[in-house]
Amino acid sequence: MTETTASGRQATGPLRAPSSFVVSLLGVAASLVLTFIGLTAITFTIGRVMPADPVLAIVGDRAPQDVYDQVYLQLGLDKPIYVQYLRYLGQLSEGDLGVSIMTAQPVMDDILRFFPATLELATVATLLGILVGIPMGVFAAVNQGRWPDHVVRVIGLIGYSVPVFWLGMVGLLIFYAKLGWVAGPGRLDVYYDGIVEPVTGILLIDAAMTGEWDIFRNAASHLVLPASILGTFTLAYIARMTRSFMLDQLNQEYILTARVKGASEFAVIWRHAFRNVLVQLITIIGLTYASLLEGSVLTETVFAWPGIGQYITNSLFNNDMNAVLGGTIVVGVCFVGINMLSDLLYRLADPRVR
Amino acid sequence: MPGVGTLRAWLLAEAPGSSSQARLQRVYLGWLSFSRNPIAMIGLFIVAGLVLVAALAPWITGSEGLQPELSNRLHPPDGTHWFGTDELGRDIYDRIVWGSRITLYIVSLVSIIVVPIGLIIGIVSGYIGGVVDSILMRLTDIFLAFPRLILAMAFVAALGPGLENAVLAIALTTWSPYARIARAEALTIRNSEFILAAQVQGVSTAGILLRHVAPLCTSSVIVRLTLDMAGIILTAAGLGFLGLGAQPPTPEWGAMISLGRQYLIDQWWVPTVPGVAILVVSLGFNLLGDGLRDVLDPKSGK
C-alpha cells in the first residue's frame, strides 16, 4: 500500500531514492559499529579498568603469588591498554564472554539458556500493550478534549509513574494469593517441570508443539500476570503515542475530504487516518520492545522468572563480573540492534524519510 | 502601594514599559495558562507537598525512623502509627517522611550533574558545528542507545552499592537527551541577528554561549527535566529494590519495599505504603511536566 502511494506522490522517487537509501543504510551501519565500540569500551572500562586490581577480583586476596602472576599474564595486563581492549574485542567477536564464576559455565551458554524466558515475557507484554494501547490511543484521539481523552491521559501517566516491581508484588498479592486466578512466581508449577524438552526455550511454543496442552495452560497462567505488569509501561507509551500520531492525521485536509465524500466515521478513522499512522507506530513498538528486554530485570526479580535480568542480578550479588558484563553486552546489543532495525524499517516504509 | 487590581493591569498591559515588565508579564501569562490546567495544578500541588514534607520532616515526625523497637514489630496502621510499623518496629510514617528527603536528594543531585554536562556538550556542538559537532553527537548517540537500568547496574556493580554510586550511574545514563535538546536550540539560534550583533560587538564565544545561547535552552530543559524526574525516581527506587542503591537502614522507598517484600501477604502495609509514596511522587512530577510542556513548549504541546 505504502509503495503505491510512494510512487504516486513523487514521480522522481524511484530514480532518486535508491542511492540516498544506500547512503542512509551506510549511515545506520556506521552508527551501529560506533555504538558497539562505545558499548564495549564501557563494559571494558567497568570490568578491567575500574576495579582497583582486576586480578584480585578474579583470584581473591588469598591466592599465592604464582597464581596471581599467572592470571596477570593471562589477562594481558602487562600490555598497553589499547592492546588489552583489542584483545577483548577479539574475544567478543568469537562469542567468548568468559566463564561464569557462579555456574562454572561459559557465560554465552548461560545467556542462551536464560534468554528465551525473557524473550517470551517481553513478547507477550508487548502484544498486550499493542492490543490494549492502540485502541485506547485511537479512542482518546477521536474524543480529543472530552472525558475519554482525559481518562486515557491519566491512565497513561499512572502507567509511567508506577514502580513495576511494586505493582508486581501487589498483583501477586491480589490475583495469586487472595483470588487465586493466576499461578504464582516461576514459569511452571513444580509438578510440570522438566516434562517438555526445551526446543525453542519458549514454553508456550514448546508445549504447543508437543501437544502438552496442560503444560501450555499452566505456563500461560504463570505468564499472564508478569506480562501484564511488564506491559503497563508499554501500554501507556503506545496509547500516548497513538493518540498524538492520530491527532496529527485527523487534523489533515484529506480527512476532511474523506468526510465530505461521505465516508463513514469508522472508515475515516481506521482506513484513512490509522493506515498513515502505522509506520510511526511500528517504530515506536520496536523501541518499547527493546526497552522491555532490559526493563524486565525488576519484573523477573519479583516473579522469580528465570530470565536474563535475574541472571544478571544474581551474578551481581555473587561478584560474578564476567556474567554481569556478558549479560550487559548481550542486552545492549539486542537493544541497539532492535532500535536500529525499527529505524531502518521506518526509512524503508516511509518515502519521505528516504 | 498599588492595589492588586493595578498590579494585574500592569502585568497584562499591552505595551510593557521596560524589559523587566515584559519578562514578568511573560511569567504571569504562563502562570495564567498553567493554572487553568487542573492536571498540571495537581502535579504542582504534589511536588510542592513533597518539598514541604521534606523540609518539615523534623517537626512532623516523632523520630527519624531509624531506631528499632522490637516489641512493636509489624503493628498494623492505627491512630499512633498511621502507616503501621515495619519488621523492626520502626514507624513507617516517620520513615516515609524522612525518605522524601532522600528522593529529593537523588533527583537534585542527578539534575545538578546532568543539566550542565548536557547543556555544555549540546551548545558547543550546535554552535561550533563541523567536526566537533560530529564527534560530540556520536558520543551522545552512543549514550542514548544504551539500556539504562542494566548499564546503571553494571556501574554500581563496579563502584559498589550505595546511594551516591546509584546517583552517578543514573546521571551517566541520563545526560544525553539534554545535549540533544541544547544542540537543537543552539542550531536554530546561532544564525539569528542578535547573535551576530553580539559577535560584532566583540563578545567572546564563551560569552555568547553562556549569556545568549544557554538561557534560551532553559525552558525546554526544564520541561524535559521535570518529565525525567519520574524516571529518575523509578530507576533509583529500582536500584534500591535490587539492593544496589541506598543501603539499610536508610529509609529509601525502594529499599523499604525490598525489605518489606516477605511481609506482603500478612502485613500488606509494610511494602505497600512506600510503593504508594513512589507512585504519588513520580505521578506528581509527570503531571507537572506535562502541564509545563503545554505552557513552555507549545510546539510539542499537541
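Conventions used here
Residues numbered from 1 in each chain as written. Chains lettered and ligands numbered in written order. Predicted model: local features only at pLDDT ≥ 70, side-chain atom pairs only at ≥ 80, totals over all residues. Helix = DSSP H or I, 4+ residues; strand = E, 2+ residues; numbered from the N terminus. Buried ≥ 20, exposed ≤ 12 C-beta atoms within 10 Å, placed from the backbone. Contact = placed C-beta atoms within 7 Å. Axes fitted to C-alpha atoms, helices over the stretch in contact; angles between N-to-C directions. Parallel < 35°, antiparallel > 145°, perpendicular 65-115°, else oblique. Nonpolar A, V, L, I, M, F, W, Y, C, P; charged D, E, K, R; others polar. Core = buried A, V, L, I, M, F, W, Y, C linked by C-beta atoms within 7 Å. pLDDT = per-residue confidence, 0-100. Left-handed = near helix turned anticlockwise from the far one by under 90°. Expected span 1.5 Å × (residues − 1).

**Observations concerning the overall build of chain B**
Part 1 of the argument: When its secondary structure is counted, chain B shows 12 helices and 0 strands.
Part 2 of the argument: What you see in chain B, going N to C, is helices and strands ordered as α-α-α-α-α-α-α-α-α-α-α-α.
Part 3 of the argument: Each principal axis of the C-alpha atoms in chain B carries an extent, and together these give about 75 × 55 × 30 Å.
Part 4 of the argument: Of all 302 residues assigned to chain B, the portion counted as buried reaches 42%.
Part 5 of the argument: In chain B, once contacts between residues fewer than 6 apart in sequence are set aside, the share between residues at least 24 apart is 68%.

**Comments concerning the overall build of chain A**
Part 1 of the argument: If you tally the helices and strands in chain A, you get 14 helices and 0 strands.
Part 2 of the argument: Counting from the amino terminus, helix and strand elements in chain A follow one another as α-α-α-α-α-α-α-α-α-α-α-α-α-α.
Part 3 of the argument: Overall size of chain A, expressed as C-alpha extent along the three principal axes, is 85 × 60 × 40 Å.
Part 4 of the argument: Residues classed as buried in chain A amount to 37% of the 354 residues present.

**Here we look at the packing of helix 12 (residues 265-302) of chain A against helix 13 (residues 308-317) of chain A**
Residue and element names in this part refer to chain A.
Part 1 of the argument: One can describe the packing of helix 12 onto helix 13 by two numbers: an axis separation of 7 Å at closest approach and a directional angle of 80°. In terms of their interaxial angle, helix 12 and helix 13 are classed as roughly perpendicular. Contact with helix 12, carried on its side by S296, V297, E300 and T301, involves G309, Q310, I312 and T313 of helix 13 and no other residues of that element.

**Quick look at the environment of V67 of chain A**
All names here are of chain A.
Part 1 of the argument: Relative to the helices and strands, V67 is located in helix 4 (residues 65-74).
Part 2 of the argument: Residue V67 is classed as partly exposed on the basis of its 14 C-beta neighbours within 10 Å.
Part 3 of the argument: The spacing of V67 and V55 is 12 residues in sequence and 9.7 Å in space, taken between C-alpha atoms.

**What to know about the interface of chain A and chain B**
Part 1 of the argument: At the interface, 40 residues of chain A touch 36 residues of chain B.
Part 2 of the argument: Looking at the side of chain A that touches chain B, the elements with two or more residues in it are helix 2 (13-49), helix 7 (147-161), helix 8 (164-178), helix 10 (213-250), helix 12, helix 13 and helix 14 (321-349) of chain A.
Part 3 of the argument: The greatest single-element share of the side of chain A that touches chain B, amounting to 9 residues, is contributed by helix 14 of chain A.
Part 4 of the argument: Tallied by class, the residues present in the side of chain A that touches chain B amount to 27 nonpolar, 12 polar and 1 charged.

**Considerations on the nonpolar core**
Part 1 of the argument: Counting 155 residues, the largest nonpolar core has M153, A154 and I233 of chain B as its most contacted members.
Part 2 of the argument: Every residue in contact with A154 of chain B, bar those within four places of it in the chain, is listed here: T43, I46, V324, L325 and T328 of chain A.

**Some points on the confidence of the model for chain B**
Part 1 of the argument: When pLDDT is averaged across chain B, the result is 84; 96% of the residues are at 70 or more.
Part 2 of the argument: Mean pLDDT in chain B bottoms out at helix 1 (residues 4-12) of chain B, which sits at 78, and peaks at helix 4 (residues 92-128) of chain B, which reaches 90.

**Considerations on the packing of helix 3 (residues 38-60) of chain B against helix 4 of chain B**
All names here are of chain B.
Part 1 of the argument: Contact pair helix 3 / helix 4: the axes reach a minimum separation of 8 Å and the direction vectors enclose 135°. Our classification of the angle between helix 3 and helix 4 gives oblique. Handedness of the crossing formed by helix 3 with helix 4: left-handed. For the pair helix 3 and helix 4, contact is made by L50, V51, V53, A54, A57 and I60 and by V97, W98, S100, R101 and L104, respectively.
Part 2 of the argument: Along the lines of polarity and charge, the residues of the contact of helix 3 with helix 4 split into 9 nonpolar, 1 polar and 1 charged.

**Section: helix 8 (residues 176-189) of chain B**
Residue and element names in this part refer to chain B.
Part 1 of the argument: For helix 8, spanning 14 residues, the distance from its first C-alpha to its last is 20 Å, which sits close to the expected 20 Å at 1.5 Å a residue.
Part 2 of the argument: All of the buried residues along helix 8 are S176, Y178, A179, I181, A182, R183, E185 and A186.
Part 3 of the argument: On its buried side, helix 8 packs onto helix 4, helix 5 (130-144) and helix 10 (205-241).

**Observations concerning the environment of V142 of chain A**
Residue and element names in this part refer to chain A.
Part 1 of the argument: Tracing the sequence through the fold places V142 in helix 6 (residues 107-142).
Part 2 of the argument: Look at V142 and you get partly exposed, because 18 C-beta atoms sit within 10 Å.
Part 3 of the argument: Measuring from C-alpha to C-alpha, the distance between V142 and E265 comes to 9.9 Å, with 123 residues separating the pair along the chain.

**Examining unusual backbone geometry**
Part 1 of the argument: That bond from P248 of chain B to P249 of chain B is cis: its omega, 5°, falls within 30 degrees of zero.
Part 2 of the argument: For P249 of chain B, the position within the fold is in the loop between helix 10 and helix 11 (253-260).
Part 3 of the argument: Positioned with a positive phi, A304 of chain A is a non-glycine residue whose angle comes to about 45°.
Part 4 of the argument: Among the structural elements, A304 of chain A can be located in the loop between helix 12 and helix 13.

**Thoughts on the confidence of the model for chain A**
Residue and element names in this part refer to chain A.
Part 1 of the argument: Mean pLDDT over chain A: 80, with 90% of residues reaching 70 or higher.
Part 2 of the argument: Mean pLDDT values over the elements of chain A span from 38, in helix 1 (residues 2-9), up to 90, in helix 6.
Part 3 of the argument: The low-confidence segment residues 1-17, where pLDDT is below 50, has 10 contacts with residues more than four positions distant or belonging to other chains.

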